[in-house]
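In case you want the letters, here they are:
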Amino acid sequence: MIINEYKVGREFMGRLEHGSDLLKSLLSIVQEKDINAGVVEVIGACKRSVVAIYDQEKKVYNNVVLDKPLEIVSCTGNISKLNGKPMIHLHIVLSDHEGKAFGGHVIEGTEVFAGEFYIRELLGPTLERKHDEVTGLNLWA
């Protein structure tokens with residue numbers, strides 16, 4: 001078990017550009033602001049979404065392309081380091097015009113229709129992700 005204590009640092013709110021890549025845009029902000037640890041939230045809608053679902057038996061991610069307009073019901077994640085570089089671990093729940101929900105791990109290719117973000121920087125120990133043999137995932141070490 002890992003338990004670290006943090007203090008709240010800077011907080012950022014803003015709007016993502018129409019047509020931008022959700023994950024790349026957030027990562028760009030994190031890099032520009034030199035954030036090593038933090039929390040991310042997003043609300044809005046996507047023109048196209050790409051999410052990944054982890055197959056626990058095969059230890060691989062399977063991509064799901066949702067090539068239609070969807071509302072972001074919830075989008076939350078965290079900021080840490082992987083191989084010394086900032087990484088955003090972001091999950092999303094989306095809904096269509098009938099309220100059917102879809103979700104998963106956000107990957108590149110998710111195109112923003114409209115998006116508003118909140119990033120809270122956390123000050124304290126850097127969380128570095130390392131490959132975990134048991135799960136096959138890059139987890140905090």
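We now turn to the structure provided with this report. Residue positions are given per chain, counting from 1 as you read along its sequence in written order. Note on the predicted model: pLDDT of at least 70 is required for a residue's local features to be given, and 80 or more for side-chain atom pairs to be given and counted; whole-chain, interface and lining totals, by contrast, use all residues. Just so you know, side-chain values use all the structure's heavy atoms and leave hydrogens and water out.

Two strands pair under a simple rule: DSSP has to find at least two bridges between them. The helix and strand labels rest on DSSP assignments: H or I over at least four residues marks a helix, E over at least two residues marks a strand, and numbering proceeds from the N terminus. In this sheet, strand S7 (residues 111-123) lies alongside strand S1 (residues 7-16) in antiparallel orientation, the contact comprising 8 bridges. Following the sheet pairing, Phe12 is matched in S7 by Ile119. Relative to S7, strand S2 (residues 38-55) runs antiparallel, the two sharing 10 bridges. Note on S7: the bridge partner recorded for Glu41 is Tyr118.

Attention shifts here to the nonpolar core. Take the buried Ala, Val, Leu, Ile, Met, Phe, Trp, Tyr and Cys residues and link them wherever side-chain atoms come within 4.5 Å; each set so joined is a nonpolar core. Only protein chains enter the accessibility calculation, which uses a 1.4 Å probe. A residue is then buried if its area is under 20% of the maximum for its type, exposed if over 50%, and partly exposed in between. Residues Leu22, Leu26, Val42, Leu90 and Ile119 are the most contacted members of the largest nonpolar core, which totals 25 residues. Broken down by secondary-structure element, the contributors of at least two residues to this core are S1, helix H1 (22-32), S2, strand S4 (70-82), strand S5 (85-95) and S7. Here the element with the most residues in this core is H1; it accounts for 5 residues. When near neighbours in sequence (up to four residues on either side) are disregarded, Leu26 contacts Leu16, Val40, Val42, Ile88, Leu90 and Phe117. Pairs of residues are marked as contacts when any of their non-hydrogen atoms sit within 4.5 Å.

The next point concerns the pattern of salt bridges. Think of a salt bridge as a Lys or Arg side-chain nitrogen and an Asp or Glu carboxyl oxygen that are within 4 Å of each other. In this structure the tally under the stated criterion is 8 salt bridges. Where Glu11 meets Arg120, a salt bridge forms, and the shortest distance between an N and an O atom there is 4.0 Å. Highlighted residues: Glu11 in strand S1 and Arg120 in strand S7, separated in sequence by 109 residues.

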